[in-house]
Amino acid sequence: MTEQITALRRDLETAGYTVDALRELWGDSADAALHRGRRLPALRRLEASAPSPLATLARLFVLGYPSTKEDLDRALPSLGALGAEQLGLVGIEGDAVAPALDLRPYSFVDAFGAGHWWIASDLGEIATDGPLRLDHVLGVGGASLTLARLQLPTRARRVLDLGTGSGIQALHASRGADEVVATDISARALELTRFNAALNETLVVTRLGSLFDPVRGERYDRVVSNPPFVITPRGADVPDYEYRDGGLVGDGIVEAVVRGVSDVLVEGGIAQLLGNWEYRADEDGLDRVRGWAEASGLDAWVIERERQDPSLYAETWIRDGGTLPGTPAFDALHEAWLADFDARGVTAVGFGYLLLRRPVGGVVTLRRFERVADALGDEPGGLGRHLQAALDGHDWQVERDDVALLSARLVVAPDVTEQRHHWPGDADPAAMDLRQGGGFMRTVLLDTALAAFVGACDGELAVGQIIAAIASLLEADESELRAELLPRIRSLLDDAMLLPD
């Protein structure tokens, strides 16, 4: 199989099977339609274009339409159609070739630079025209892209990808790790992970098992996980998809990961995952996550990005499984979902990011639970850069008491600007704020003292010197001004709006 995968890689490279080439082949409009689950515009463009290996591969492996053995032999001259069948990519009957897997290019930019891979996964519903198989292995979806961009840019010795699916997080982690172990409860998922790792010349160790069972007794510097966090009713009449349904009641799978991950982290080791959590009539969703983190003894930074009411949440995931609205099957599943939510008093479902850390010496310093629903800033290498800068800023300021902080020198982060608002004709601003161009695009309201302090942070003067100068200019008590400004300065360091020089 190694020789066949090498031949496949060579053929894909020769055909120019890349994201940019596909977009050029069928145009931006058809490309956008594909992202909405509509393949007809792309097919029409292919049929109107000249035959080529690229068009054959796109038709077969992206759009999911059949081809011919002759055309596939031309598109994959080293591997051939029979070799593709042996790899499980296609099925052949006579001269007809049908796709058995989705195989598409994937491009990205992260902290280590630009890259591109090919990712194999199971055919999606636009290709199968029906509900997904229960052991469906998902390709690169929205959640996968989100977590990949959240991964911290610092190197790690050992990384665990918990619930790897098709292996996309493991591949990303490999760019900054000495060793990557990928686990999943699905043997089929691990088979595709091994295939994708080999196709992209990456070493990933795979292990079969549920949650942390395959790595008991081991320690990792980093854990990444896009767990099967979808809150699905448990019942014989409700499909249980391996890639998204964790098999536990409610948000139990996310709770299990949060409570258990400390056992596989080294001191200072960090876990990053996506998750859903329930809001109940008597309990705030973020408070539920806070309780899990406190029970685990972990540092925690949890960011809720979205909240959905139970009906919309149910509709979203029923459609995700390929069941169409307006059908009896959809209505039956909708009823099961709503009854399940009612049984636990669920009023909403939150979605967000979790960053957990096993504190050094067991001393917890980070407990941050927030809702950030606004758009994200410009982070070409991924949001992980900002998360790392904020963690560094937090750790730096926590390690320093007020005396040490007063002697430090700070600078304004390069993506931070000051904005002033004036009433027409007034010389003095009516309001001022700091705006973050990257990260979470935070806005911090400024008063005169804080504006003056931030404006003087160019690394030349120590914090205490700046505060003393401002107190003199404002004719304010210096000790009172210090007491007022230092907590706000620490907060700006936590948000990576100010940086240690």
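Scroll up to find the structure this text is about.
Before going into details, it helps to say that this report is about the structure given with it. Only a predicted model underlies this, so the values are computations on that prediction, with no experimental measurement involved.

1. Some remarks on the sheet that holds strand E1 (residues 67–68)
1) Next: Taken together, three strands build an open sheet; the order of strands is E1-E3-E2 and the sheet is antiparallel. Each edge of the open sheet carries a strand with a single partner, namely E1 and strand E2 (90–93).
2) Next: Where E1 meets strand E3 (residues 96–99), two bridges bridge the pair, whose relative direction is antiparallel. Within E3, the position partnered with serine 67 by the bridge is valine 97.
3) Next: Where helix H4 (residues 53–62) meets the sheet, its contacts fall on E1, E2 and E3, and the angle it forms with E3 comes to roughly 55°.

2. Re empty space enclosed by the protein
1) Next: If you walk through the whole model with that rule in mind, you get three cavities of 30 Å³ or more.
2) Next: Its volume calculated, the largest cavity comes out at about 190 Å³.
3) Next: Taken together, 21 residues line the largest cavity, and the ones lying closest to its centre are Phe112, Gln151, Leu152, Pro153 and His172.
4) Next: Listed by contribution, the elements that provide at least two residues to the lining of the largest cavity are helix H8 (142–150), strand E6 (156–162), helix H9 (168–174), strand E9 (220–225) and helix H15 (384–398).
5) Next: The residue makeup of the lining of the largest cavity, split by class, is nine nonpolar, eight polar and four charged.
6) Next: Looking at the second largest cavity, the residues that line it are Leu147, Leu150, Gln272, Leu273, Trp301, Ile303, Tyr353, Leu354, Leu355 and Leu387.
7) Next: Among the elements of the structure, H8, strand E10 (265–280), strand E11 (299–308) and strand E12 (346–357) are those that each provide at least two residues to the lining of the second largest cavity.
8) Next: No other element matches the three residues that E12 contributes to the lining of the second largest cavity.

3. Re the side chain of glutamine 388
1) Next: Tracing the sequence through the fold places glutamine 388 in helix H15.
2) Next: Judged by relative accessible area, glutamine 388 falls into the buried class, the value being 11%.
3) Next: Here the side chain of glutamine 388 touches threonine 154 through a polar contact of 3.3 Å, side chain to side chain.

4. Here we look at the packing of aromatic side chains
1) Next: Per the counting criterion, the structure on display carries eight aromatic pairs.
2) Next: Measuring from ring centre to ring centre gives 5.9 Å for phenylalanine 229 and phenylalanine 351, while their planes differ by 45°; the resulting arrangement is tilted. Of the two residues, phenylalanine 229 sits in the loop between E9 and helix H11 (252–260) while phenylalanine 351 sits in strand E12, which places them 122 residues apart along the sequence.
3) Next: By relative accessible area, phenylalanine 229 is classed as buried at 6%.
4) Next: The cationic tip of arginine 39 hangs over the ring face of tyrosine 65; the distance from NZ or CZ to the ring centre is 4.0 Å.
5) Next: Over the ring of tyrosine 279 we find arginine 307, and its NZ or CZ is 4.2 Å from the ring centre.

5. Some remarks on the pairing of E2
1) Next: Burial along E2 is one-sided: the face carrying Val90 and Ile92 is buried and the face carrying Gly91 and Glu93 is not.
2) Next: For E2 and E3, the ladder comprises four bridges, and the chain directions are antiparallel. Its bridge partner being in E3, isoleucine 92 is matched across the sheet by valine 97.
3) Next: If you look at the hairpin formed by E2 and E3, you'll find two residues sitting between the two strands, and glycine 94 has a positive phi there, around 65°.

6. Considerations on the layout of surface pockets
1) Next: Roughly 290 Å³ of volume is contained in the second largest pocket.
2) Next: Contributing to the lining of the second largest pocket are 14 residues, with Pro51, Ser52, Ala55, Thr56 and Asp71 lying nearest its centre.
3) Next: Among the elements that line the lining of the second largest pocket, the one with the most residues is H4, at four residues.
4) Next: Split into classes, the residues belonging to the lining of the second largest pocket amount to six nonpolar, four polar and four charged.

7. What to know about the nonpolar core
1) Next: If you look at the biggest cluster of nonpolar residues, it comprises 61 residues, and the most contacted ones within it are Val223, Val261 and Leu387.
2) Next: Take this core: its biggest share by element is eight residues, from E12.
3) Next: Setting aside chain neighbours within four positions, we find leucine 387 in contact with Leu150, Leu152, Gln272, Trp301, Ile303, Leu355 and Phe440.
4) Next: In this structure, Ala30, Leu57, Ala84 and Ile92 belong to the second largest nonpolar core, which totals 44 residues.

8. Re the packing of helix H13 (residues 310–320) against helix H14 (residues 328–344)
1) Next: Where H13 contacts H14, the axes come no closer than 9 Å and their chain directions differ by 135°. Here H14 runs oblique to H13, going by the angle between their axes. Taken as a pair, H13 and H14 cross one another with a handedness that is right-handed. Across the interface between the two elements, Pro310, Ser311, Tyr313, Ala314, Glu315, Trp317, Ile318 and Arg319 from H13 touch Phe330, Leu333, His334, Trp337, Leu338 and Phe341 from H14.

9. Details of the pairing of strand E17 (residues 443–446)
1) Next: Direction of pairing for strand E16 (residues 431–436) relative to E17: antiparallel, over a ladder of four bridges. By the bridge assignment, aspartate 433 is partnered in E17 with leucine 445.

10. Topic: unusual backbone geometry
1) Next: With a phi angle near 50°, leucine 211 is a residue other than glycine that sits in the positive phi range.
2) Next: Position of leucine 211 among the secondary structure elements: in the loop between strand E8 (205–208) and E9.
3) Next: What makes leucine 211 partly exposed here is its relative accessible area of 27%.

11. Description of helix H1 (residues 2–15)
1) Next: An ideal rise of 1.5 Å per residue puts 20 Å on 14 residues; H1 measures up with 20 Å between its terminal C-alpha atoms.
2) Next: Along H1, the residues classified as buried are Ile5, Ala7, Leu8, Arg9, Asp11, Leu12 and Ala15.
3) Next: On its buried side, H1 packs onto H4, helix H5 (69–75), strand E4 (102–110), strand E5 (113–121) and helix H10 (187–199).
4) Next: Residue glycine 16 follows H1 closely and has a positive phi angle near 65°.

Calculation rules
- Residues numbered from 1 in each chain as written.
- Predicted model: local features only at pLDDT ≥ 70, side-chain atom pairs only at ≥ 80, totals over all residues.
- Heavy atoms only, no water.
- Pairing = 2+ DSSP bridges.
- Helix = DSSP H or I, 4+ residues; strand = E, 2+ residues; numbered from the N terminus.
- Contact = heavy atoms within 4.5 Å.
- Axes fitted to C-alpha atoms, helices over the stretch in contact; angles between N-to-C directions.
- 1 Å grid on protein atoms, 1.4 Å probe; cavity = no way out; pocket = protein on both sides within 12 Å on 5 of 7 lines; lining within 4 Å.
- Points joined across faces, edges and corners; volume = space filled by probe spheres on them.
- Nonpolar A, V, L, I, M, F, W, Y, C, P; charged D, E, K, R; others polar.
- Buried < 20%, exposed > 50% of the residue type's maximum accessible area, 1.4 Å probe, protein only.
- Polar contact = N/O pair within 3.5 Å; in protein donor to acceptor, adjacent residues only side chain to side chain.
- Phe/Tyr/Trp six-rings, centres within 6.5 Å; stacked < 30°, edge-to-face > 60°.
- Lys NZ or Arg CZ within 6 Å of the ring centre and 35° of its normal.
- Core = buried A, V, L, I, M, F, W, Y, C linked by side-chain atoms within 4.5 Å.
- Parallel < 35°, antiparallel > 145°, perpendicular 65-115°, else oblique.
- Left-handed = near helix turned anticlockwise from the far one by under 90°.
- Expected span 1.5 Å × (residues − 1).

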